[in-house]
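Given next are the chains, with one letter for each unit.
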Amino acid sequence: MDLSLSPPLYVMAKPAGAACNLRCRYCYYLEKAHLTTSKPHNLTTSQPHTMSDELLRLFIQQYVEAQPQPNVLFTWHGGEPLLRPLAFYRRVVELQAPYLRQGYHIDNCLQTNGTLLDDEWCRFFAEQGWLVGISIDGTEAMHDAYRLSAGGQPTWRQVMHGIELLQQYGVEWNAMAVVHHQNADHPEEFYRFMRSIGCQYLQFAPIVERSLAHPDGRHLASPDEFTDTEGRPLSMTPESVTPQQWGAFLCRLFDEWVHHDVGEVFVELFDCTLANWCGIAPGICTLAEECSHGGVMEWNGDLYSCDHYVFPQYHLGNIRQHTLTEMLYSPRQEQFCRRKHETLPHQCQDCRWLHVCHGECPKNRILRTTDGEPGLNYLCEGYRQFFAHVAPYMDFMKAELEAGRAPANVMNWCQSS
């Protein structure tokens with residue numbers, strides 16, 4: 001196939017699988033460790049769930065060759081990717097080097113809980129120009145409510161030490177925060193804290209999970225499960241946000257940002273909302289019209305349709321038997337991508353905010369509409385509140401962009417209006 005005409009392909013690689021040194025109470029990934037379907041060729045039982053050198057080489061080759069453009073972004077995720085030794089990532093750089101000489105531009109980013117960072121890690125990230133994402137949920141109380149070590153101990157102070165080291169070595173970093181039942185009611189405090197620690201790039205994601213016990217030990221429902229074995233509706237986990245909390249969180253945090261920090265602090269959800277407002281493809285799949293051609297690859301080469309769909313029914317294959325190109329551009333994955341738009345209930349299709357929401361993430365479409373139609377997003381009420389609240393500001397920033405002026409002018413407009 002002609003890759004130059006294809007949409008971008010993106011794979012999140014998990015070199016340590018679901019292994020992690022934390023036991024965050026809302027984690028949806030730790031219980032996925034048993035789902036991999038094959039064993040690596042060179043690992044013993046004393047070294048479970050770690051990517052082999054042979055597989056790493058194959059992944060890098062396939063991933064570079066699958067890109068429609070010469071700009072390649074590798075994302076190393078987990079679990080906790082720093083459970084692999086630094087030697088593993090030095091090997092990543094070695095294996096990527098030949099492609100740099102062929103004219104490719106390669107970037108690497110790594111998402112970590114930050115507790116294992118030390119001088120050696122930070123020196124490597126600085127030397128290689130890697131972007132590091134830090135998982136932190138706000139202040140000490142907000143973070144330690146759910147982000148605990150394997151021994152049940154708080155982790156905030158370790159994470160803050162990791163951030164300080166990144167700053168000391170000049171490593172570019174951003175924050176990824178989970179919005180949960182404990183921090184969602186304190187958006188101003190949450191945002192001011194993030195700003196106080198020097199965070200310039202902020203991403204956050206709401207916890208929306210339902211409880212369902214499985215025979216294999218899993219305790220969370222998949223996106224396709226709606227009732228228990230006796231036909232009863234599933235309950236939300238206690239860590240999940242409510243739609244009302246989510247809407248209020250977004251509105252109040254937006255007010256802090258739009259009055260003080262536009263152009264200085266970049267909040268991913270706000271930037272992507274503005275992109276949709278302007279008719280530009282957003283940078284996150286949740287607000288895009290269709291799901292992206294982005295999969296997640298486990299430590300053993302198993303590929304799944306999406307990070308939130310690591311379930312047997314969304315297993316696309318293994319890179320030892322099929323290439324990333326074959327699997328992520330397959331009719332099966334194309335259908336997965338289109339389904340986000342094609343299965344929107346009529347209530348969404350008629351909604352005034354469809355052009356900025358697109359039904360949000362399909363994994364959250366667990367409610368029925370007022371007409372009883374399935375497929376309504378659990379967070380719909382919160383998003384509708386948010387979009388109505390920000391509409392005047394988005395209209396102004398869109399007009400500024402169209403006139404060739406800076407959207408940050410909205411801050412002066414706020415003061416004069």
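In this report, we go over the structure that sits alongside the text. (Residues numbered from 1 in each chain as written. Predicted model: local features only at pLDDT ≥ 70, side-chain atom pairs only at ≥ 80, totals over all residues. Heavy atoms only, no water.)

A tally of helices and strands in the protein chain yields 14 helices and 12 strands. Its C-alpha atoms give the protein chain a radius of gyration of 21 Å, near enough to 22 Å, the size a compact globule of 417 residues would have. Its C-alpha atoms put the protein chain at 65 × 55 × 50 Å along the principal axes. Across the 417 residues in the protein chain, those meeting the buried criterion constitute 54%. In the protein chain, the proportion of contacts linking residues at least 24 apart, taken out of those at least 6 apart, comes to 70%. Charge separation in the protein chain, taken as the distance between the mean sites of 31 positive and 49 negative side-chain charges, equals 3 Å. (Helix = DSSP H or I, 4+ residues; strand = E, 2+ residues; numbered from the N terminus. Rg over C-alpha atoms; globule rule 2.2 N^0.38 Å. Buried < 20%, exposed > 50% of the residue type's maximum accessible area, 1.4 Å probe, protein only. Contact = heavy atoms within 4.5 Å. Lys, Arg positive; Asp, Glu negative; His and termini not counted. Charge placed at Lys NZ, Arg CZ, Asp CG, Glu CD.)

Right, let's talk about the nonpolar core for a bit. Generally speaking, soluble globular proteins have nonpolar side chains that are buried together. By size, the foremost hydrophobic cluster in this structure holds 99 residues, and its most contacted members are F59, W76, I136 and F204. Per-element tally for this core: the top contributor is helix 13 (residues 380–402), with nine residues. Setting aside residues up to four positions removed in sequence, I136 forms contacts with H143, W156, V159, M160, I163, A175, M176, A177, F193, M194 and I197. (Core = buried A, V, L, I, M, F, W, Y, C linked by side-chain atoms within 4.5 Å.)

In this section: the environment of A97. Mapping A97 onto the fold places it in helix 2 (residues 86–101). Through-space distance from the C-alpha of A97 to that of N318 is 25 Å; in sequence the pair is 221 residues apart.

The volume enclosed by the second largest pocket comes to roughly 470 Å³. Lining the second largest pocket are 19 residues, with P223, F226, R365, I366 and G375 sitting closest to its centre. At the level of secondary structure, the elements contributing two or more residues to the lining of the second largest pocket comprise helix 10 (331–342), strand 11 (367–368) and strand 12 (374–376). Tallied by class, residues from the lining of the second largest pocket come to 11 nonpolar, two polar and six charged. (1 Å grid on protein atoms, 1.4 Å probe; cavity = no way out; pocket = protein on both sides within 12 Å on 5 of 7 lines; lining within 4 Å. Points joined across faces, edges and corners; volume = space filled by probe spheres on them. Nonpolar A, V, L, I, M, F, W, Y, C, P; charged D, E, K, R; others polar.)

So, about empty space enclosed by the protein. The probe, sized like a water molecule, is rolled over the atoms to show the empty space still left. If you walk through the whole model with that rule in mind, you get one cavity of 30 Å³ or more. For the largest cavity, the lining is made up of 16 residues, of which V208, E209, A221, P223 and K363 are closest to its centre. Partitioned by chemical class, the residues of the lining of the largest cavity number eight nonpolar, three polar and five charged.

Two elements in contact, helix 1 (residues 53–65) and helix 2, have axes whose closest approach is 10 Å; the angle formed by their N-to-C orientations is 40°. Between helix 1 and helix 2, the angle falls in the class oblique. Judged by the sense of rotation from one axis to the other, the crossing of helix 1 with helix 2 is right-handed. Of the residues in helix 2, those in contact with D53, L56, R57, I60, Q61 and V64 of helix 1 are F88, R91, V92, L95, Q96 and Y99. Here the residues of the contact of helix 1 with helix 2 are counted per class, giving seven nonpolar, two polar and three charged. (Axes fitted to C-alpha atoms, helices over the stretch in contact; angles between N-to-C directions. Parallel < 35°, antiparallel > 145°, perpendicular 65-115°, else oblique. Left-handed = near helix turned anticlockwise from the far one by under 90°.)

The subject of this paragraph is the pattern of salt bridges. Across all of its chains, the model carries 13 salt bridges by this definition. Note that E188 is salt-bridged to R252, the shortest N-O span being 2.8 Å. With a gap of 64 residues between them, E188 in helix 6 (residues 187–196) and R252 in helix 7 (residues 243–260) connect regions that are remote in the sequence. A residue is classified by how much of its surface remains accessible, and R252, at 34% relative accessible area, is partly exposed. Within this structure, D53, R91 and E94 form a network of salt bridges that share partners. (Salt bridge = Lys/Arg side-chain N within 4 Å of Asp/Glu carboxyl O.)

This part takes up the pairing of strand 3 (residues 105–112). The side chains of a regular strand alternate, first on one face of the sheet and then on the other. Most of strand 3 sits out of view: six of its eight residues are buried. As paired elements, strand 2 (residues 71–76) and strand 3 share six bridges and run parallel to each other. Its bridge partner being in strand 3, F74 is matched across the sheet by N108. Two strands pair when backbone bridges link them, and strand 3 and strand 4 (residues 131–135) are joined in this way by four bridges, in the parallel orientation. Paired with Q111 across the strands is G133, a residue of strand 4. Once you follow strand 3 into helix 3 (residues 119–128) and on to strand 4, the crossover reads as right-handed. (Pairing = 2+ DSSP bridges. Right-handed = clockwise from strand over helix to strand, strands pointing away.)

Next up on the list: the sheet that holds strand 9 (residues 302–304). Read across the sheet, 10 strands follow the order 7-6-5-4-3-2-1-8-9-10 without closing on themselves; strand pairing throughout is mixed. Each end of this open sheet is capped by a strand with a single partner; those strands are strand 7 (266–267) and strand 10 (315–318). Helix 2 rests against strand 2 and strand 3 of the sheet, and its axis sits at about 160° to strand 3.

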